[in-house]
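Inside the fold
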Amino acid sequence: MSQYQTIVVKVGTSTLTRESGELDLNYMRSLAQQLSILRRQGRDVVLVTSGAIRAGMKRLGLSKLKTMREQQAAAAVGQGLLMRTYAEFFRDEGFTTGQVLLTRNDFTNREGFLNARNTLLTLFEHRVIPIVNENDSVAIEEIKFGDNDTLAAQVVALLDADLLLLLTDVAGIYVPAKKGQGARLMREVREITPELEQSAGGSVSGIGQGGMATKVAAARVATNCGATVVVVYGREPNVVLRVVEGEPLGTTFLPRPRRLRTRERWLAFSSPPAGDLVVDDGAREMLLKRGKSLLPVGVLEVRGEFSSGDVVRVLDQRGRELARGLTNYSAEEAQRICGRHSDEIEAILGYPGDPEVIHRNNLTLVEV
Ligand code: GLU
């Protein structure tokens, strides 16, 4: 039996629905059967499903969505249809399902992140199959992930899952082959390079919100959390079981070897940063090689508006992200003390403050 213990399976709208917009019941049944087999083997499985908006449109007889409100209404209708259908198929297999609807807001603060994590872990304890989607019927643009590839990667970060399967309507990730030869399917990705990100950029598959770019971005987060990621044609027979057993299908992104703790995963990937601190090469060295905190003396530039306690990015002079962390100082304070020694802080601000801008315990290195 393969080693994967916690598995997140994401299925896209175009895989789940027929051309007419109706839910593909045979497909959903097969998915429920495959996930149930994994569950019976003692693994924890989460299904991240799209298709709510499309199914709702069909039911409401809408061929196009003109407004956000219409989209929200379609999602409200479609989400119910989705859940009812899944619940029935999983019940046939002897399993109960639980609906978990999330938005970006749930990940912004640490309490939200831990709440969502605890809910999923408790569902596992009760042998329930969690079915996750974005809370589309209330989420407005500003607080939305917008696509379920991103959401699925966040679920990996929540659970420290070891496999993320993105079931889609193409065979995997393609990159341009040599001149005039069309595109080449990548079988294995060891490192997500800027070139790969760029060549995946922009391509959006038919009906859903995601595309190759969101898949590569999702793979970056999930592999950094220590998960293997497989992007694969979702209609391949028994695709979930075959991938879990190690059959090389689609594109496999290999995990980064390090394991992060829950807090580090939240810091690095789940909380949207409120600003940036650009640091000099000395500070870069201290952070990356020596495992030290970030001191004001190494900060060259402060960008954005943030308060103390917010998550900020740490960038080097070339603009590469080195780390994320919780800042002890607001942007305005950081501006005043940057480039100065810690023992000058009290004289500059007029009150004593922490010697570090970001303490090591509140900092996660982002792989560079
Ligand atoms: N949450 C959306 C839905 O259920 C799908 C988002 C996506 O296509 O990635 O319709």
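For the structure given in this document, a descriptive report is provided here. (Residues numbered from 1 in each chain as written. Predicted model: local features only at pLDDT ≥ 70, side-chain atom pairs only at ≥ 80, totals over all residues. Heavy atoms only, no water.)

Brief notes about the packing of aromatic side chains
- Scanning the model with the defined rule gives two aromatic pairs in all.
- On the basis of an interplanar angle of 70° and a centroid distance of 6.2 Å, the ring pair of Phe107 and Phe113 is categorised as edge-to-face. Side by side, Phe107 and Phe113 carry an identical accessibility label, which is buried.
- Judged by centre distance (5.4 Å) and plane angle (70°), the ring pair of Phe107 and Phe145 falls under edge-to-face. In this pair, Phe107 is assigned in helix α5 (residues 105-108) and Phe145 in the loop between β4 (129-134) and α7 (148-159), connecting sequence segments 38 residues apart. Phe145 shares its class with Phe107; the two are buried.
- Within the aromatic cluster, the residues linked to one another by ring pairs are Phe107, Phe113 and Phe145. (Phe/Tyr/Trp six-rings, centres within 6.5 Å; stacked < 30°, edge-to-face > 60°. Buried < 20%, exposed > 50% of the residue type's maximum accessible area, 1.4 Å probe, protein only. Helix = DSSP H or I, 4+ residues; strand = E, 2+ residues; numbered from the N terminus.)

What about the pairing of strand β13 (residues 311-315)?
- Buried residues dominate β13, accounting for four of its five residues.
- Bridge count between strand β11 (residues 275-279) and β13: four bridges; the pairing is parallel. Counted as the bridge partner of Leu277 is Val314 from β13.
- Of the pairings in the sheet, the one linking β13 to strand β14 (residues 321-326) comprises five bridges and is antiparallel in character. Note that in β14 the partner of Leu315 across the bridge is Glu321.
- In sequence, β13 turns back onto β14 through a hairpin of five residues, with Gly319 there showing a positive phi of about 85°. (Pairing = 2+ DSSP bridges.)

Looking at helix α6 (residues 110-125)
- Compared with the 22 Å implied by 1.5 Å per residue over 16 residues, the 22 Å span of α6 between its first and last C-alpha is a close match.
- The backbone nitrogen of Glu111 lies 3.2 Å from a side-chain oxygen of the residue at the head of α6, namely Asn109.
- With its phi angle positive at about 60°, Arg127 sits one or two positions after the end of α6. (Expected span 1.5 Å × (residues − 1). Polar contact = N/O pair within 3.5 Å; in protein donor to acceptor, adjacent residues only side chain to side chain.)

Treat this as a map of the structure, not an account of what it does.
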